[in-house]
Every structure is written in C-alpha cells, then in structure tokens.
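Residue-level structure breakdown
Here is how the chains run, residue by residue.
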Amino acid sequence: MDLKYINYKREGGIAWAQFNRPKKLNALNPDVFRDLEAVVARCEEDDAVRVLILTGNEKAFAAGADIGAMAAGDIGVAYDQTDQTMRVQERLADLPKPTIAAVSGYALGGGCEVALCCDFRIAADNAVLGLPEITLGIIPGGGGTQRLPRLVGLSIAAELIFLGETIKADKAERIGLVNRIVPSDSLEAEATALAEKLIERPAVALRAAKTAIRKGMSTSLKEGLQIEQGVFCMLFGTEDKKEGMAAFLEKRKPKFKGK
Ligand code: DAK
C-alpha cells in the first residue's frame, strides 16, 4: 500500500493503522481519507486481519478535518469532500470485523467522527473529545449529527454539537462516548488486550453480531428483531456453533475456526 499519512502494520490478527500527520495534529484532509480507504480495503481483503485498531500519537488521535483545506472550499468542494468522507466512513463502520479507536489526546470534529465509526473507543486519560464545528460556522459533516445521538442520546449530543465545547476523557466515559479510560502509557497494551480477546471469539458470529447491531440500529425494532433472527439461525449452520456448544458440554475451552 502506498500510504502517505497513515502507518499500517499487521501483528498477528491485529491490524494497526496510525494517523501520521503529527505537525498538523493528524488533521484529516482528502489524502488522509484516501489512505484510510486503502487501509479499510486491505482489512476487508486480508483474512489474517481479525481486528482493526485505529490510533494516532500521544497528542492527537486527529484534531479534526483540515480547516486549511476546508477554508477555501465552496459548496461544490464541500459536496466532493462529503462524498469521499461518507464513503470511507461507511466502509469503515461496515467492516465485517471489530474495530477499535485507541484515542490519545485530541479527537475533535472529523477525528471524533472517525472514532464514532469504530465499534469500541478506548481513551487514554489525556483524551479530549468533541465536535467543535459550530465554532467554525458549520456543523459536523462526517456523520457526527447522526452517529453521536445514536450513541449517547439526543440531548447530550445536542449539547455537544450546539455548544461545540470539548470534553475530557472522564466525561466522555460517563456519557458513553468512550468504552473505558486507561492510563496514557498503557493505551496500546489495553487496545491489544481487547483485540486479543476478540480474536479468541468466533469470527463468523462476531460478524453476525455486528451486522445485527448495525442494521438493527437503522431500522424499526420489529425489523431489527427479524434481522437478528436471520443471522442467529444462520449461525446454527456453522462449525463454530457445533464446537462452542460441544466444548461447553465437554467442559473444555472451544477452538473456533471462523467457519
Ligand atoms: N485543521 C488544520 N490544522 C490543524 C487542525 C485542524 N483541524 N488542528 C490543529 N491544526 C494545526 C495547527 O494549525 C498547527 O499548525 P501550525 O500552525 O503549527 O502550522 C498545528 O496543528 C498544531 O496546532 P496548535 O498549535 O493549535 O496546537 P495547540 O496544542 O495549541 O492546540 C487544539 C490544539 C486541538 C486545541 C487546536 O489545534 C485546535 O483547536 N484545533 C482545531 C480543532 C477543531 O476545531 N477541529 C474541528 C475541525 S472542523 C466534512 C467532514 C468533516 C468535517 C467537516 C466537513 N466534509 C467531508 C466536507 C469536520 C469538520 C471538522 O473537523
């Protein structure tokens, strides 16, 4: 992969993608999104990848969309950029494998929105999150008005979006924006430990659970329950279902194959 602003590596089943534009606090421009799309495509194709962890550096996960790149943009540029952002972020959110945002420092605006596309957010104790777009005369354009209220509820999301104030890790955890806070120096280890636990789980069932949650969140309860029924029943045809239940009955640890 020819990446300019993301460092990518795979260690066992864990793919690490690290935003790498430190002089601009990892501000997200179209080139960064092009890199992110390439990373997501690799993770889709590579069966050895079981979990994707997105991260930044100690000071910033990503401090937002690149204000310099947006400042000169007109309505046409905004449409072009939102087309790209929506495509890449939906592809990330739809990745049929678990994703973790390991957030240290700033995750603002577009950076927070990318983290919202992940299944889990683990925050270092120095993390600062928020959607400050209103202070620039705009609103979140990378899914923030849609994904944040679905995660934390309407009125907390409205407060964050209308005021544009940032919040620290402890409040982010309290409102459910992040799953947990860890000491800064153990962020990588904690994200790795979570990824390793996920890797022990049956991959087909994980994928089914992600599909049920994601599709269910964008439809009615009635339809969501039907989606759940469909994927639940499908799992009864997997080897992992037979192995999981046999292992329980034989009082041993299951050995899942992802089949
Ligand atoms: N864009 C461009 N450059 C940024 C940046 C950003 N979002 N954030 C930081 N930088 C740059 C700074 O300009 C500075 O560059 P130099 O001046 O050194 O060249 C460098 O990073 C270091 O930043 P600071 O000197 O400001 O560092 P401090 O520690 O003093 O302050 C800060 C850190 C995070 C509090 C501050 O940098 C800050 O307030 N940054 C802006 C945060 C922000 O407002 N973020 C939201 C941006 S709006 C869309 C999709 C998404 C969005 C919009 C449209 N479509 C697809 C169209 C989302 C919009 C946003 O995210």
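Given the structure is predicted, the values throughout are model-derived calculations rather than measurements. (Residues numbered from 1 in each chain as written. Predicted model: local features only at pLDDT ≥ 70, side-chain atom pairs only at ≥ 80, totals over all residues. Heavy atoms only, no water.)

Another point: the site of the ligand. Residues in close proximity to the ligand total 25 residues, the closest being Lys24, Lys59, Ala65, Thr85 and Gly110. In this structure, an oxygen atom belonging to the ligand sits 2.8 Å away from a side-chain N or O atom of lysine 59. Between an oxygen atom of the ligand and a main-chain N or O atom of glycine 110, the distance comes to 2.8 Å. Summarising the interface, the protein chains cover 66% of the accessible area of the ligand, which totals 1,100 Å² for the free molecule. Among the secondary structure elements, those contributing two or more residues to the shell around the ligand are α2 (67-71), α3 (75-94), β6 (106-108) and α4 (110-116). Ranked by residue count, the leading element in the shell around the ligand is α3, at four residues. Residues that form the shell around the ligand fall into these classes: 11 nonpolar, eight polar and six charged. (Near = heavy atom within 4 Å. Polar contact = N/O pair within 3.5 Å; in protein donor to acceptor, adjacent residues only side chain to side chain. Areas by Shrake-Rupley, 256 points an atom, 1.4 Å probe, with all protein chains shown as cover. Helix = DSSP H or I, 4+ residues; strand = E, 2+ residues; numbered from the N terminus. Nonpolar A, V, L, I, M, F, W, Y, C, P; charged D, E, K, R; others polar.)

To continue, consider the sheet that holds strand β3 (residues 51-55). Backbone-to-backbone hydrogen bonds join strands into a sheet, with any given pair of strands oriented parallel or antiparallel. On the basis of which strands lie adjacent, the open sheet formed by six strands has the order β1-β2-β3-β5-β7-β10 and mixed pairing. In this open sheet, the two edge strands, each paired with only one partner strand, are β1 (6-11) and β10 (180-182). Direction aside, neighbouring strands of the sheet carry axes that sit 20° apart on average. Sheet analysis places strand β5 (residues 99-103) next to strand β7 (residues 120-124), joined by four bridges and oriented parallel. In the sheet register, alanine 101 faces β7, and the bridge partner there is arginine 121. The strands that helix α1 (residues 30-45) touches are β1, β2 (14-19) and β3; relative to β1, the one it contacts most, it runs at about 15°. (Pairing = 2+ DSSP bridges. Axes fitted to C-alpha atoms, helices over the stretch in contact; angles between N-to-C directions. Contact = heavy atoms within 4.5 Å.)

Counted under the stated rule, the structure contains two aromatic pairs. On the numbers, 5.5 Å between centres and 90° between planes, the contact of phenylalanine 19 with phenylalanine 61 is edge-to-face. Residue phenylalanine 19 is located in strand β2, and its partner phenylalanine 61 is located in strand β4 (residues 60-62); the two are separated by 42 residues in the primary sequence. On the basis of relative accessible area, phenylalanine 19 is assigned to the buried category, the value being 2%. Of the residues examined, phenylalanine 61 reaches a relative accessible area of 0% and is grouped as buried. Measuring from ring centre to ring centre gives 5.1 Å for phenylalanine 232 and phenylalanine 236, while their planes differ by 55°; the resulting arrangement is tilted. Phenylalanine 236 sits in the partly exposed class, given a relative accessible area of 42%. Sitting above the plane of the tyrosine 5 ring, arginine 21 keeps its charged end 5.3 Å from the centroid. (Phe/Tyr/Trp six-rings, centres within 6.5 Å; stacked < 30°, edge-to-face > 60°. Buried < 20%, exposed > 50% of the residue type's maximum accessible area, 1.4 Å probe, protein only. Lys NZ or Arg CZ within 6 Å of the ring centre and 35° of its normal.)

A few words on the pattern of salt bridges. Counted under the stated rule, the structure contains 15 salt bridges. The salt bridge involving aspartate 31 is made with lysine 4; its shortest N-O contact spans 3.7 Å. Linking aspartate 31 in helix α1 with lysine 4 in the segment before β1, this pair joins segments that are 27 residues apart in sequence. Given a relative accessible area of 29%, aspartate 31 falls into the partly exposed group. A salt bridge links lysine 210 to aspartate 119, with the nearest nitrogen and oxygen atoms 2.8 Å apart. (Salt bridge = Lys/Arg side-chain N within 4 Å of Asp/Glu carboxyl O.)

Regular strands place side chains that alternate from one sheet face to the opposite one. Here β5 lies mainly inside the structure; five of its five residues are buried. The alternating pattern of β5 places Thr99, Ala101 and Val103 and Ile100 and Ala102 on opposite faces, both of which are buried. Relative to β5, β3 runs parallel, the two being bridged by four bridges. When the sheet's bridge partners are listed, leucine 52 is paired in β5 with threonine 99.

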